[in-house]
Amino acid sequence: MATHGSTLERLMIPPSVVRASRTAPRGSLRTTRSWLRVFCSNLLVACVATHVLAEATGDPVCGPAKLGNGHQGPGTLKMSARLAQLARTSDPGLNVFLNGQRSKLWKISMERATNETARATSQLQYASELLRAGFNEQAVAEFESASRYMRTNNLKVSPQTAIQMGTHLGMAYMRMAEQRNCLSNHNADSCLFPITGGGVHQWRDGSENAIRVFSGVLAQKPDDLGVRWLLNIAYMTLGEYPDKVPAKWLVPTNVFQSEYNLPRFPDGAAAAGLDVEGLAGGCIAEDFDGDGLLDVMISSWSIAGQLRFFHNNGDGTFAERTQEAGLTGLLGGLHIVQTDYNNDGLMDVLVLRGAWMGRAGRLPNSLLKNNGDGTFEDVTDAAGLLSFHPTQSAAWFDFDGDGWL
C-alpha cells in the first residue's frame, strides 16, 4: 500500500496521510486501511476514484468500479477526484446551502446552550435548517418543540418572529404533505398547477395542518400575501379550492386563467424513464450519438449531485447511461451548455458550477468532449479552462471570426 503514494497524491489524499502510509510499520496498516475506507465512502464517487485506488493498492474495500462500456480517461478521473474532494471538504459555515450539515451544527449549539434564550434561538435555527434540507417531519417536530419550550419558560418573541415561526412551520407541513403524496403516489397530475384530478392529496394531514397554521399567521398579519398564497395552495391540494377558502383570504380563480388557450401538459417523466430525484440544475436535449434521436443530459446544482445522461430508445422512453458514458463522478452543475467546440461534428458539453454559493462556490467548470462512441471525456485541464470561480452562465461564439468557438 505504501508503494503507491504518487497515485494517492494524485487523488488528493491529504499529504500527512500519504506520509504516514509510507513510513508506517507493518502493524499500523490496519489504521491506514480504516482511514481509506472512510475516504472511499466520503468521496461519494466510489465508482470512479476508488477504481484507481483499487488498482493501485489492491484494496478490496475500495473494489474497482464496474464502468461497463464507459471508459474514463485521466482527465475525467482527475476531475472526479477533485470534485469529490471539494464536496467532502466544503465548509457549511461558508456554504449556506449545506443545510444538512448546518442543521447538525445548530443541534450542537442547542445542546450546549447555557440559558433558555440561547437554547430556544438555536432550536429555531436547527428547525429552519432541517426544513431547508428537506427533513420536513423532523422540522415540524423541532418547531413544535421550540414553541412548547418557549411557552414553558415564558420566553417572549416579537410579532415578526412569531409570524416567521408560523410561516416556516406551515411550509414544513406542506412539504411533508408533498413528499408523502407526490412521491408515494406520483402520477401524471402530480405537482402540476393548478392542482386537480390525480394531483389532489390522498394523505390529507399535512395540508390540513398547514391550513391551520397559515390561518393563524394571517390572523396576525392579514396582508401577508405570501402566506395567503400558500393557504390557497394548501386548500387546492385537498380539492377544496375555491369553495372552502375563507372569502377574506381567497385568491380569485381568474388569477389561474390563461390569456389564451394553453393545453395542459401531463407529467410523462415516469413513463419515459426520466423521473429522477435531485436538485434543480441544467438540462440539454440533444442528439449526442448521431442516431437522429434527442438524448437528455441533466445536472444537479448540489455539489454532490451526479451529472446524468439518458439515451433515447426511439420508442418514447429513455435509458440511463451515465456510467456507460463515462460520466460517473462528475458532480454539480447549475447550468450546462452544448456546442461543438472542436469542429468534429459532435456536440460537446460545458458544465458550469458554483453560482449563488459565494466564496464556497469557487468550483471548477468542466468541458466534456464527446468521443463519438457514447462516451465523454473531461478535457478541462487539457483545454486550458481550469479555474475556480462561481459560474452561472456561458455563451459559445466565434468572437474573432476564425471558424472556432
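Residues numbered from 1 in each chain as written. Predicted model: local features only at pLDDT ≥ 70, side-chain atom pairs only at ≥ 80, totals over all residues. Heavy atoms only, no water.

## Here we look at unusual backbone geometry
And then number 1: Here the amide bond leading from phenylalanine 193 into proline 194 is cis, since omega sits at -5°, within 30 degrees of zero.
And then number 2: Of note, the bond from tyrosine 241 into proline 242 is cis; its omega dihedral lies within 30 degrees of zero at 0°.
And then number 3: Considering the arrangement of structural elements, one finds proline 242 in the loop between α11 (225–237) and α12 (269–272).
And then number 4: Unusually for a residue other than glycine, asparagine 154 sits at a positive phi of about 55°.
And then number 5: Its location among the elements puts asparagine 154 in the loop between α8 (136–152) and α9 (159–183).
And then number 6: With a phi close to 75°, tryptophan 356 is a non-glycine residue in the positive phi region.
And then number 7: Among the structural elements, tryptophan 356 can be located in the loop between β6 (348–352) and β7 (366–370).
And then number 8: The class for tryptophan 356 is exposed, based on a relative accessible area of 54%. (Helix = DSSP H or I, 4+ residues; strand = E, 2+ residues; numbered from the N terminus. Buried < 20%, exposed > 50% of the residue type's maximum accessible area, 1.4 Å probe, protein only.)

## Re the pattern of salt bridges
And then number 1: Under the defined criterion, the tally for this structure stands at nine salt bridges.
And then number 2: Across the pair arginine 132 and glutamate 129 runs a salt bridge, and its minimum N-O distance is 3.5 Å. Of this pair, arginine 132 and glutamate 129 are both found in helix α7 (residues 116–133), three residues apart, which corresponds to roughly one turn of the helix.
And then number 3: Through salt bridges with shared partners, a single ionic network connects Arg204, Glu208, Glu240 and Lys244. (Salt bridge = Lys/Arg side-chain N within 4 Å of Asp/Glu carboxyl O.)

## Here's the deal with the packing of aromatic side chains
And then number 1: Overall, the coordinates contain ten aromatic pairs when judged by the stated rule.
And then number 2: Relative to phenylalanine 256, the ring of phenylalanine 193 has its centre 5.2 Å away and its plane inclined at 65°; by these criteria the two rings are edge-to-face. Of the two residues, phenylalanine 193 is situated in the loop between α9 and α10 (205–220) and phenylalanine 256 in the loop between α11 and α12; the sequence distance between them amounts to 63 residues.
And then number 3: Here phenylalanine 288 and phenylalanine 376 contribute two aromatic rings whose centre-to-centre distance is 5.5 Å and whose plane-to-plane angle is 80°, an arrangement assigned as edge-to-face. Of this pair, phenylalanine 288 sits in the loop between β1 (283–286) and β2 (295–298) while phenylalanine 376 sits in strand β8 (residues 376–378), and the two are 88 residues apart along the sequence.
And then number 4: You can call phenylalanine 288 buried: its relative accessible area is 3%.
And then number 5: Grouping aromatic residues by their ring pairs yields a cluster made of Phe193, Trp229, Tyr241 and Phe256. (Phe/Tyr/Trp six-rings, centres within 6.5 Å; stacked < 30°, edge-to-face > 60°.)

## Here we look at the side chain of serine 299
And then number 1: Following the sequence through the fold, serine 299 ends up in the loop between β2 and β3 (308–312).
And then number 2: Side-chain polar atoms of serine 299 contact the backbone nitrogen of glycine 282, separated by 2.8 Å.
And then number 3: A polar side-chain atom of serine 299 sits 2.6 Å from the main-chain carbonyl oxygen of glycine 333. (Polar contact = N/O pair within 3.5 Å; in protein donor to acceptor, adjacent residues only side chain to side chain.)

## Remarks on the packing of α10 against α11
And then number 1: In the contact formed by α10 and α11, the axes pass within 9 Å of each other and the chain directions differ by 155°. Taken together, the axes of α10 and α11 lie roughly antiparallel to each other. The way α10 lies across α11 gives a crossing that is left-handed. For the pair formed by α10 and α11, the contact residues are Ser207, Ile211, Phe214, Ser215, Val217 and Leu218 on the first element and Val227, Arg228, Leu230, Leu231, Ala234, Tyr235 and Thr237 on the second.
And then number 2: Taken together, the residues that form the contact of α10 with α11 break down as nine nonpolar, three polar and one charged. (Axes fitted to C-alpha atoms, helices over the stretch in contact; angles between N-to-C directions. Parallel < 35°, antiparallel > 145°, perpendicular 65-115°, else oblique. Left-handed = near helix turned anticlockwise from the far one by under 90°. Contact = heavy atoms within 4.5 Å. Nonpolar A, V, L, I, M, F, W, Y, C, P; charged D, E, K, R; others polar.)

## A short note on the sheet that holds strand β5 (residues 335–339)
And then number 1: In space, the four strands of this open sheet follow the order β5-β6-β7-β8, with antiparallel pairing throughout. Every other strand in the sheet has two partners, leaving β5 and β8 as the edge strands with one partner each. Adjacent strand axes in the sheet meet at a mean angle of 25°, parallel and antiparallel pairs treated alike.
And then number 2: For β6 and β7, the ladder comprises three bridges, and the chain directions are antiparallel. Within the sheet, the bridge partner assigned to leucine 350 lies in β7 and is leucine 367.
And then number 3: Contacts from helix α5 (residues 74–89) reach β7 and β8 within the one sheet, and its direction differs from that of β8 by about 60°. (Pairing = 2+ DSSP bridges.)

## What to know about α11
And then number 1: Taking 1.5 Å of rise per residue, 13 residues should cover 18 Å, and α11 covers 19 Å from first to last C-alpha, within 8% of that figure.
And then number 2: Taken together, the buried residues of α11 touch α9 and α10.
And then number 3: Its side-chain oxygen 3.2 Å from the backbone nitrogen of glycine 226, aspartate 224 forms the N-cap of α11.
And then number 4: Positioned one or two residues after α11, glycine 239 has a phi angle of 75°, which is positive. (Expected span 1.5 Å × (residues − 1).)

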